[in-house]
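Residues per chain, in single letters:
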Amino acid sequence: MNIEESADMYATLVGVCLVVVLGAIPAKSDVDFAVADVDVVVGDKELVSNFINCLLDDAACSAEGLLVKARLYDVYKNGCEECTEEQKNQLRRLVLYVKENREDEWMKVRNIFDPEMKSEETFNVFIAEV
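The structure displayed is predicted, hence computed values, not measured ones. (Residues numbered from 1 in each chain as written. Predicted model: local features only at pLDDT ≥ 70, side-chain atom pairs only at ≥ 80, totals over all residues. Heavy atoms only, no water.)

## Topic: the nonpolar core
Part 1 of the reasoning: L72, V75, V95, W106, V109 and F123 are the most contacted members of the largest nonpolar core, which has 25 residues in total.
Part 2 of the reasoning: Counting residues per element, the ones that place at least two in this core are α2 (38-42), α3 (45-55), α4 (63-78), α5 (85-101), α6 (103-113) and α7 (120-128).
Part 3 of the reasoning: Among the elements that take part in this core, α3 stands out by supplying five residues, more than any other.
Part 4 of the reasoning: Here L72 is in contact with L55, L91, V95, W106, V109 and F113, once residues within four sequence places are set aside. (Core = buried A, V, L, I, M, F, W, Y, C linked by side-chain atoms within 4.5 Å. Buried < 20%, exposed > 50% of the residue type's maximum accessible area, 1.4 Å probe, protein only. Helix = DSSP H or I, 4+ residues; strand = E, 2+ residues; numbered from the N terminus. Contact = heavy atoms within 4.5 Å.)

## Here we look at the pattern of salt bridges
Part 1 of the reasoning: Within this structure, the stated rule accounts for seven salt bridges.
Part 2 of the reasoning: In this structure, the salt-bridge partner of K69 is D57, at a minimum N-O distance of 2.4 Å. With a gap of 12 residues between them, K69 in helix α4 and D57 in the loop between α3 and α4 connect regions that are remote in the sequence.
Part 3 of the reasoning: Of the charged contacts in the structure, one is a salt bridge between R71 and D74, with a shortest N-O distance of 2.4 Å. Linking R71 with D74, this pair stays in helix α4, spanning three residues, or about one helical turn. For the pair R71 and D74, a shared accessibility class is recorded, and that class is buried. (Salt bridge = Lys/Arg side-chain N within 4 Å of Asp/Glu carboxyl O.)

## A short note on empty space enclosed by the protein
Part 1 of the reasoning: Summed over all chains, the structure comprises one cavity of 30 Å³ or more.
Part 2 of the reasoning: If you add up the space inside the largest cavity, you get close to 80 Å³.
Part 3 of the reasoning: Every residue lining the largest cavity is listed: V48, F51, I52, L55, V68, L91, L94, V95, V98 and W106.
Part 4 of the reasoning: Listed by contribution, the elements that provide at least two residues to the lining of the largest cavity are α3 and α5.
Part 5 of the reasoning: Residues of the lining of the largest cavity, tallied by class, amount to 10 nonpolar, no polar and no charged. (1 Å grid on protein atoms, 1.4 Å probe; cavity = no way out; pocket = protein on both sides within 12 Å on 5 of 7 lines; lining within 4 Å. Points joined across faces, edges and corners; volume = space filled by probe spheres on them. Nonpolar A, V, L, I, M, F, W, Y, C, P; charged D, E, K, R; others polar.)

## Quick look at the side chain of K88
Part 1 of the reasoning: Following the sequence through the fold, K88 ends up in helix α5.
Part 2 of the reasoning: If we ignore the near neighbours within four places in the chain, the residues touching K88 are G79, C80, C83 and F126.

## Here's the deal with the state of the cysteines
Part 1 of the reasoning: Applying the stated criterion across every chain, the model contains two disulfides.
Part 2 of the reasoning: In this model, C54 is linked to C61 through a disulfide, with the two sulfur atoms separated by 2.0 Å. Disulfide C54 to C61: torsion about the S-S bond roughly 100°, handedness right-handed.
Part 3 of the reasoning: A relative accessible area of 2% places C54 in the buried class.
Part 4 of the reasoning: What makes C61 partly exposed here is its relative accessible area of 24%.
Part 5 of the reasoning: Covalent S-S linkage joins C80 and C83, the inter-sulfur distance amounting to 1.8 Å. (Disulfide = S-S within 2.5 Å.)

As structure tokens, then:
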């Protein structure tokens, strides 16, 4: 097995684990989203990088990455009104981690989701709802 195959297997395993945990949290909307155990996610630099690269369209997105991306658009659009409280809390924790610990990458993400900063207030209200 070469390095690429090992990396693909690792990414698949992480994705499967996240899907299992994600299914345990109900959603109010059509798209079910929750980041598994955020402490595990933010504790794994590679996993955080995978989410960031997905959000930046720099790499293919896992199913979870697509859901995070969809919810982040919702955050900027309407404060994630369709999210459950658990989903909001998980997303806040993930976003705050990236914003505080990987600031340069967060600025790139923000520029994709709100390039004209028209929704910055909606985003800040969402984040402050801790």
